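Next come the chains, spelled out residue by residue.
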Amino acid sequence: MSVAVVYAASRAAQLALALVFLCFFYVRFGLLGIVLAALGGAPVVLISNRNAAEAAYSTLTRIMTYMNGYDALWQNPVFGVGFANYEKISFINAHNSFFQAITETGLIGGSLYLLGIYLCFKLVIGVALWPQPDADPARLELRHLARTLLAMLVGVVSCVFFLSLAFDVMWLFPVGIIAAFHAAVRQQLPDYELRVRGWELLLVLACGALLPAAFLFFATRNY
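Residues numbered from 1 in each chain as written. Predicted model: local features only at pLDDT ≥ 70, side-chain atom pairs only at ≥ 80, totals over all residues. Heavy atoms only, no water.

Caption draft 1: Representation of the overall build of the protein. Along its length, the protein carries nine helices and zero strands. Beginning at the N terminus, the succession of helices and strands in the protein can be written as α-α-α-α-α-α-α-α-α. Dimensions of the protein along its principal axes, counting C-alpha atoms only, are 55 × 40 × 30 Å. For the protein, the proportion of its 223 residues judged to be buried stands at 38%. By sequence separation, contacts in the protein at least 24 residues apart represent 72% of the contacts at least 6 residues apart. For the protein, the exposed area adds up to about 12,600 Å²; of that, 70% sits on carbon and sulfur atoms. Charge-centre separation for the protein: the mean point of 13 positive side chains lies 5 Å from the mean point of 11 negative side chains. (Helix = DSSP H or I, 4+ residues; strand = E, 2+ residues; numbered from the N terminus. Buried < 20%, exposed > 50% of the residue type's maximum accessible area, 1.4 Å probe, protein only. Contact = heavy atoms within 4.5 Å. Areas by Shrake-Rupley, 256 points an atom, 1.4 Å probe, with all protein chains shown as cover. Lys, Arg positive; Asp, Glu negative; His and termini not counted. Charge placed at Lys NZ, Arg CZ, Asp CG, Glu CD.)

Caption draft 2: Geometry of the pattern of salt bridges. This structure, assessed with the given rule, holds two salt bridges. Ionic pairing is found between Lys-122 and Glu-200, a salt bridge with its closest N-O pair at 2.8 Å. Placement of the pair is Lys-122 in helix 6 (residues 97-128) and Glu-200 in helix 9 (residues 198-220), with a sequence separation of 78 residues. Given a relative accessible area of 2%, Glu-200 falls into the buried group. (Salt bridge = Lys/Arg side-chain N within 4 Å of Asp/Glu carboxyl O.)

Caption draft 3: How the structure looks around the nonpolar core. Within the largest apolar cluster, 38 residues are counted, with the highest numbers of intra-cluster contacts made by Phe-98, Tyr-113, Val-127, Trp-171, Ile-178, Phe-181 and Val-185. Mapped onto this core, the elements with two or more residues apiece are helix 4 (52-75), helix 6, helix 7 (137-160), helix 8 (169-188) and helix 9. Per-element tally for this core: the top contributor is helix 6, with 13 residues. With residues near it in sequence (within four places) discarded, Val-185 still touches Val-127, Leu-142, Pro-190 and Tyr-192. Listed in part, the five residues of the second largest apolar core include Val-5, Ala-13, Leu-17 and Ala-37. (Core = buried A, V, L, I, M, F, W, Y, C linked by side-chain atoms within 4.5 Å.)

Caption draft 4: Quick peek at the packing of aromatic side chains. On inspection of all chains with the given rule, the structure shows twelve aromatic pairs. Ring geometry for Tyr-66 versus Phe-99: centroids 5.2 Å apart, planes at 50°, classification tilted. With Tyr-66 in helix 4 and Phe-99 in helix 6, this pair connects stretches of sequence that are 33 residues apart. A relative accessible area of 9% places Tyr-66 in the buried class. Assessed through its relative accessible area of 0%, Phe-99 is described here as buried. Measuring from centroid to centroid gives 5.9 Å for Phe-98 and Phe-161, while their planes differ by 50°, and the two rings are tilted. (Phe/Tyr/Trp six-rings, centres within 6.5 Å; stacked < 30°, edge-to-face > 60°.)

Rendered as structure tokens:
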């Protein structure tokens, strides 16, 4: 997979695989895992077949489409421009699943989108850190699965941060796996409950409102 990522010359895939290495090795080996992740991820990140001109062109087109999307969202802030309408307001797609979701569905739909992702992270992290005093094999297996799913989620989320797969089955399939995992958790860990507090909802709403402006700011800060 590392060789395939290098030949694909995708910076998003390089970052995603490096983060998966970091998450997996840290969970398995602790601080030593960070060293192992660096050894495994450094060649993937540093070796690339993409030349400087291709990278510059890719960056510039992303900045331009972010500007188009932000302008369209400013004109349609509540409900957005409509599902699958991003390419009608820009010459290319958003190249960012979160930005595309917010632009197409508005601040309401975008916040719900972010809330779903937040719940996925909260579930797998909560189960991974859940105490297992009785060392029950089923519960230990759940904790192991939670750690594995966390590595998967970190890789997928970091990858779709640079790809327009907001409503694509390739992106939603991992979310579906975590939803199925939640059903198993409810059976095996009845004392664990996935809750969302008021301040968490407010935080997600704030992120939904500020995320488009943050994308535009960081994308254009050197231009």
